[in-house]
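# Structural overview
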Amino acid sequence: MDIGNKLKELRVLKGLTQEELADRSELSKGFISQLERNLTSPSITTLMDILQCLEDSETEIATTYSNMAQIYLLDNDLQKAADACGLSVSLFEKISGDSDVHYSAAIETRGQISLIRGEKDKALADFRKALSLIERDYGRDTPAANALHGLIARVEQEVDAK
């Protein structure tokens, strides 16, 4: 799902018109319309403002940022992905430490961003942290843990090959 569709979905779920959301977020109705139709992309600050008008809790906002980071990665917008992921991780750490189930996904996304940037040591640290959280919360023999084990092994081989 792209950002515009997600924002529209959240707005409709809250029972708001574009004009009402624009008033609450101190943006123009035209800008909200452009966002929802993916004709423009919000800055992270603007996205945060809009989400605060739409969401019920910081946890929902942090989860949405984590999801947005994934979407930005799919769109090959690495800087926005990193910004959204950083906000997500920071919010989760502020709200609940590492106890939220979505925190491990945010950490894994941060690792993916580091890997794309060629920062393999940072990526490995994040993948290992995400793996420890998943194993703690869900057990060692889960699809998510197995996938991370494979990813860690692959990145370790690349690091060792240097």
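See the structure shown above.
Report follows, based on the coordinates. (Residues numbered from 1 in each chain as written. Predicted model: local features only at pLDDT ≥ 70, side-chain atom pairs only at ≥ 80, totals over all residues. Heavy atoms only, no water.)

### A look at unusual backbone geometry
- With a phi close to 60°, Asn 38 is a non-glycine residue in the positive phi region.
- Its location among the elements puts Asn 38 in the loop between α3 (29-36) and α4 (44-54). (Helix = DSSP H or I, 4+ residues; strand = E, 2+ residues; numbered from the N terminus.)

### Observations concerning the side chain of Glu 36
- Relative to the helices and strands, Glu 36 is located in helix α3.
- A distance of 2.5 Å separates polar atoms of two side chains, one belonging to Glu 36 and the other to Arg 11.
- Here the side chain of Glu 36 touches Gln 18 through a polar contact of 2.7 Å, side chain to side chain. (Polar contact = N/O pair within 3.5 Å; in protein donor to acceptor, adjacent residues only side chain to side chain.)

### Structural notes on helix α6 (residues 78-96)
- With 19 residues, α6 should reach 27 Å at 1.5 Å per residue; the first-to-last C-alpha distance of 26 Å fits that figure.
- Those residues of α6 lying buried are Lys 80, Ala 81, Ala 82, Ala 84, Cys 85, Ser 88, Val 89, Leu 91 and Phe 92.
- Buried-residue contacts for α6 involve α4, α5 (58-74) and α7 (103-116).
- Positive phi appears at Gly 97, one or two residues downstream of α6, with a value of about 65°. (Expected span 1.5 Å × (residues − 1). Buried < 20%, exposed > 50% of the residue type's maximum accessible area, 1.4 Å probe, protein only. Contact = heavy atoms within 4.5 Å.)

From the geometry alone we can't say anything about function, so treat these as descriptive.
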